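Fold and contact review
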Amino acid sequence: MKDDVGRLLLDRFRIYHGLVDRDLRVRFRNPAFFAYIGRDPVKGWTDLLDLFPEVVGLEKEIGLVIEGTRSDYSVVSVNRDSSEEIFFNLYFIRNSNADGTCLIVVRDLTKELLYRQVLQQNKNEIEILQHRLIEKNEDLDMTNRALIKSRDEMEELNRSLEKKVHERTRQLEESTMLSQRLFMQTVKSLMYALEQRDAYTSGHQQRVSNLACAIARELGLDDFTLEGVMVAGNLHDIGKIYVPSEFLTKPGKLSDEEFSVIRTHPRVGFEILKDIEFPWPVASYVLQHHELLDGSGYPYGLEGDEISFETRILTVADVVEAMATSRPYQTSPGLDYALDEIRRYSGIKYDSKVVETCIRLFKTGAFSWAPLY
Ligand SMILES: [Fe+2]
Ligand SMILES: [Fe+2]
């Protein structure tokens, strides 16, 4: 039974116990104790001070416990470096039998202390990790703050750029609109310069331009090309500014000489316009507007594909307008005659697609000029 208690104490609490007598001799029954303190096992009594040199000088206190004057005496945290380092507490406890002995109890703290050391180490490591974590968090906070700051700066920069782009776009739009207005004003001024001088051409260019644009639109030409046709129509006879007005307004047949002067107007028009940077070859359209597909036109007698498609449209519009519209000094043959004329020469002098489209526009009523007078 006693051995069972000893085993239990040993297993559960790492405790060895023995007896100490008046002569300070000690006896441990459990051989495991001697193994624990790294000594050869001793059966029976042996010298206490030899077995526990740590209690040298404490004999008096131990004696008091053996006498029963004192209930107990402890020597704690004994560290012994035998084969392995061990730690233990020593307790001397009064024996209730009063037989001149006291109990000696050795409590092995080695594992406990090692556990504590490991725990302390772990605790230290955890603290280090916690510290690092705090530092990392602070770093992250700083990075976050820097990111937020740079994001704010980027947003501000974006806003300022957008504002600048917006402002610049507005300025460009204004300047583009101004250029367009200036351009159209220039075209009109050129047109009026001729028309104010000469009643014959008054309104003629504008009306040719209107009809040519209607034909070009019907043929599916794009807006840009259409605008070029419109501008060229408005300026096609600008070269007549150099033709004496009496030649232009002369009723009846012109002399060969007079006619040869009039025939200079495409070339003169080209000279006037060739240095103006139009986005379309306006000067070239003007130069070609009296050329005919069969080569019977002037000034160069160009044929077929040598004449641009835009010019062929202008030519048909020019011929129809000139024949269809009466002037103060001259009665015209009329629109029907004009349409018969272009039909007769369709595919010969005039482009057949343009002729067909022009006739259709008038016959269906899709196009008509505003009254001239
Ligand atoms: Fe002309
Ligand atoms: Fe004309």
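Sequence order sets the numbering: in each chain, residues are counted from 1 along the sequence as written. Labels follow written order: the first chain is A, the first ligand is 1, and so on. In keeping with the model being predicted, local features are shown solely for residues with a pLDDT of at least 70 and side-chain atom pairs are shown and tallied solely at 80 or more, while totals for entire chains, interfaces and linings include all residues. Think of the side-chain values as coming from all heavy atoms in the structure, minus any hydrogens and water.

**Observations regarding the coordination of the iron ion (ligand 1)**
Operational definition: Listed donor atoms are N, O and S within 2.8 Å of the metal (Na, K and Ca: 3.2 Å). As water is not included, a site may look incomplete. A run of H or I in DSSP becomes a helix once it reaches four residues, and a run of E becomes a strand once it reaches two; helices and strands are each numbered from the N terminus. When accessible area is computed with a 1.4 Å probe and restricted to protein chains, residues below 20% of their type maximum are described as buried, those above 50% as exposed, and intermediate ones as partly exposed.
Summarising the metal site, the iron ion (ligand 1) is bound by the protein donors Asp237 (OD), His265 (NE2), His289 (NE2) and His290 (NE2), whose distances to it range over 2.1 to 2.3 Å. Between consecutive donors of the iron ion (ligand 1), the numbers of intervening residues give the motif D-x27-H-x23-H-H. Separating the iron ion (ligand 1) from the iron ion (ligand 2) is a distance of 3.4 Å, and Asp237 supplies a donor atom to each of them. With His265 in helix α10 (residues 265-273) and His289 in the loop between α11 (282-288) and α12 (309-324), the pair connects residues that are 24 residues apart, well separated along the chain. The exposure class assigned to His265 is buried, which follows from its relative accessible area of 1%.

**Quick look at the coordination of the iron ion (ligand 2)**
Test applied: The geometry test gives tetrahedral to four donors whose angles all lie between 85 and 135 degrees, gives square planar to four donors and octahedral to six donors whose opposite members are over 155 degrees apart with all other angles between 65 and 115, and gives irregular to the rest.
Every protein donor of the iron ion (ligand 2) is listed here as His204 (NE2), His236 (NE2), Asp237 (OD) and Asp318 (OD), and their distances to the metal cover 2.2 to 2.3 Å. Each of the four donor atoms around the iron ion (ligand 2) contributes to a set of angles spanning 77 to 168 degrees, which defines the coordination as irregular. Sequence spacing of the donor residues for the iron ion (ligand 2), all on one chain, is H-x31-H-D-x80-D.

**Focus on the pattern of salt bridges**
Here is the rule: Any Lys or Arg side-chain nitrogen found within 4 Å of a carboxyl oxygen on Asp or Glu counts as a salt bridge.
Evaluated as defined, the whole model comprises 20 salt bridges. Here Arg25 makes a salt bridge to Asp21, at a shortest N to O gap of 2.9 Å. Residue classification places Asp21 among the buried residues on the basis of a relative accessible area of 9%. The shortest N-O distance in the salt bridge between Arg312 and Asp305 comes to 3.3 Å. We classify Asp305 as exposed; its relative accessible area is 72%. Counted as one network, the salt bridges with shared partners bring together Arg107, Glu112 and Arg116.

**Topic: the domain arrangement of the protein**
Put simply, the test is: Note that domain bounds follow an automatic or database assignment of domains.
The domain boundaries assigned to the protein delineate domain 1 (2-110) and domain 2 (186-363). Spacing between the C-alpha centres of domain 1 and domain 2 amounts to 135 Å.

**A look at the sheet that holds strand β4 (residues 72-81)**
The cut-off we apply is this: Any two strands are treated as partners once DSSP identifies two or more bridges connecting them. Throughout, a contact is declared for two residues whenever any of their heavy atoms are within 4.5 Å. Only the stretch in contact is used when a helix axis is fitted, and all axes are lines through C-alpha atoms; the angle between N-to-C directions ranges over 0 to 180 degrees.
Spatial strand order, β3-β2-β1-β6-β5-β4: six strands in an open sheet with antiparallel pairing. Every other strand in the sheet has two partners, leaving β3 (46-47) and β4 as the edge strands with one partner each. Pairing of β4 with strand β5 (residues 85-94), which is carried by eight bridges, proceeds in the antiparallel orientation. Residue pairing in the sheet places Asp81 in a bridge with Glu85 of β5. Sitting on the sheet, helix α5 (residues 110-195) touches β5 and β6 (101-108), and the angle it makes with β5 is about 130 degrees.

**Overview of the packing of aromatic side chains**
For any two aromatic rings, the description comes down to two numbers: the centre-to-centre distance and the angle of the planes. For the record, the criterion: Aromatic contacts are taken between Phe, Tyr and Trp rings whose centres are within 6.5 Å, Trp giving its six-membered ring; a plane angle under 30 degrees counts as stacked, one over 60 as edge-to-face, and the others as tilted. By definition, being over a ring means that NZ of Lys or CZ of Arg is both within 6 Å of the ring centre and within 35 degrees of the ring normal.
Counted according to the given criterion, the structure contains 15 aromatic pairs. Ring geometry for Phe28 versus Phe33: centroids 3.8 Å apart, planes at 15 degrees, classification stacked. With relative accessibility at 4%, the residue Phe28 sits in the buried group. Judged by centre distance (5.5 Å) and plane angle (85 degrees), the ring pair of Phe362 and Phe367 falls under edge-to-face. Across the pair, exposure class does not vary: Phe362 and Phe367 are buried alike. Through a chain of ring-to-ring contacts, three or more aromatic side chains come together here, namely Tyr16, Phe28, Phe33, Phe34, Tyr36, Phe52 and Phe88. Note that Lys349 overlies the ring of Tyr345, its terminal NZ or CZ placed 4.4 Å from the centroid.

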